[in-house]
Amino acid sequence: MKKTTTKLADGRELIYYDLDNSADREAIDQRPLEPVQSRPELRLDLATGDWVAIASHRQGRIYHPPADACPLCPSRDEGHSEIPAADYEVAVFENRFPSLASPTGRCEVVCYTPDHHASFTDLTDNRARLVLEAWTDRTEQLSSQFGIEQVYCFENRGAEIGVTLAHPHGQIYAFPFVPPRTAKMVAVADAHRAATGGNLFEDLLAEARAATSRVVIAGKHWTAFVPFAARWPYEVHLYPHRRVPDLTHLSEAERAEFPGIYLELLRRFDRLFHRQEDTSAPVPTPYISAWHQAPKTGGQELALHLELFTPRRSADKLKFLAGAESGMESFVNDVVPETAAQRLRDVAS
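Conventions and cut-offs
Residues numbered from 1 in each chain as written. Predicted model: local features only at pLDDT ≥ 70, side-chain atom pairs only at ≥ 80, totals over all residues. Heavy atoms only, no water. Phe/Tyr/Trp six-rings, centres within 6.5 Å; stacked < 30°, edge-to-face > 60°. Helix = DSSP H or I, 4+ residues; strand = E, 2+ residues; numbered from the N terminus. Buried < 20%, exposed > 50% of the residue type's maximum accessible area, 1.4 Å probe, protein only. Lys NZ or Arg CZ within 6 Å of the ring centre and 35° of its normal. Pairing = 2+ DSSP bridges. Axes fitted to C-alpha atoms, helices over the stretch in contact; angles between N-to-C directions. Contact = heavy atoms within 4.5 Å.

J.: Would you explain the packing of aromatic side chains in this entry?
T.: Here a ring pair, both rings aromatic, is described through the centre-centre distance and the interplanar angle of the planes. In the structure shown here, the tally under the stated rule is 18 aromatic pairs. Consider the rings of Tyr112 and Phe120, whose centres lie 4.8 Å apart with planes at 75°: the pair is edge-to-face. Aromatic pair Trp232 and Phe309: ring centres 4.9 Å apart, planes at 15°, arrangement stacked. Within this pair, whereas Trp232 is found in the loop between strand 10 (222–225) and strand 11 (234–240), its partner Phe309 is found in strand 15 (residues 305–310), the two being separated by 77 residues in sequence. With respect to class, Trp232 is no different from Phe309; both count as buried. Here the aromatic cluster, defined as three or more aromatic residues joined through ring pairs, consists of Tyr112, Phe120, Trp135, Trp222, Phe258, Tyr262 and Trp291. In this arrangement the basic side chain of Arg231 is found over the ring face of Phe331, its NZ or CZ atom lying 5.1 Å from the centre.

Here it is in structure tokens:
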């Protein structure tokens, strides 16, 4: 893998990741950009103890631009984007409209492909592996920065999720605090260790693999399964069989197997729902794909895993977070987890 680091016109960092060691990524950003002045503010919710980012400048971010004005496509003579090079494989850059910024963290954009009309599911195994290497490298670099508590790699896909740029991409947040969901999982895992002497995530994986009814894909090094108490209609967790705290600790064998399993999982999500007029044509499924990694502080029991879920509960219906979910964080699922697992097995390649 070749890594090329450069700067955009306003001083933000841009990193190219290439399988081709001869790739030339030395193009200069020719846009007349002023340095980013906005600074998000963190405020503590005293009623819950949760941190909230106040980032009003994000109201001005780019919203559903036409394809020929996409800021994530390679630059062309007729227009310059966030990617100065005429081509790229994987590119990562600091978000111009961040929810977090120094000294309150960092937000990055991960561009998976130069093809505006593609999706992660269109990547080859090698290109998906390159994305994994980029996630891993950024995890290592960001977690080493002073004040960063957790690195969160994720993808929002689909307008139903709220995506404002159609180009296939994900994001990375480097949090200066432990986010609420992680804090909750760490507390439960610590209590599980005290009560049973075992690790919560190892036990969850072992239980799912033993039950089999909720297993979606079982590999040599990874297993994808629907959790027993899934919150979303179609929700799958992907665990390495060997407990590790974060992406940087995965072995070569685990890295090699991951792309095939993850791509198959995403493609099954796309095959869940079909157009009524053509049952052979899959409907791109909106989803959130979220890597959970151990935080620096107090996260010894948390195990690396990926959580993938969609708000779509049928071909023409979405699950909206209504009063119980939004107001009280008490989820109600319309699909039985075992049924969801069976459907995901039924749409295997």
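J.: Sorry, what's going on with unusual backbone geometry here?
T.: Excluding glycine, most residues fall at negative phi; most peptide bonds, likewise, are trans. A cis amide bond, omega 5°, links Ser102 with the succeeding residue Pro103. Even without being glycine, Thr212 reaches a positive phi, approximately 65°. In this fold, Thr212 is placed in the loop between helix 3 (200–211) and strand 9 (215–218). In the Ramachandran plot, Glu329 falls in the positive-phi region, its phi being about 55° despite a non-glycine side chain. Looking at where Glu329 falls in the secondary structure, it is placed in the loop between helix 5 (323–328) and helix 6 (337–346).

J.: What am I meant to see in the sheet that holds strand 11 here?
T.: Within a sheet, adjacent strands bond to each other through the backbone by hydrogen bonds, running parallel or antiparallel. Here we have eleven strands laid out as an open sheet, ordered 1-2-5-6-8-7-14-15-11-10-9, and antiparallel in their pairing. Two strands close off the open sheet at either side, each with one partner strand: strand 1 (2–7) and strand 9. Averaged over all pairs of adjacent strands, the angle between their axes in this sheet comes to 20°, without regard to strand direction. Packed onto the sheet, helix 3 meets strand 9, strand 10, strand 11 and strand 15 and runs at close to 75° relative to strand 10. Against the sheet, helix 6 contacts strand 9 and strand 11, and its axis sits at roughly 45° relative to strand 9.

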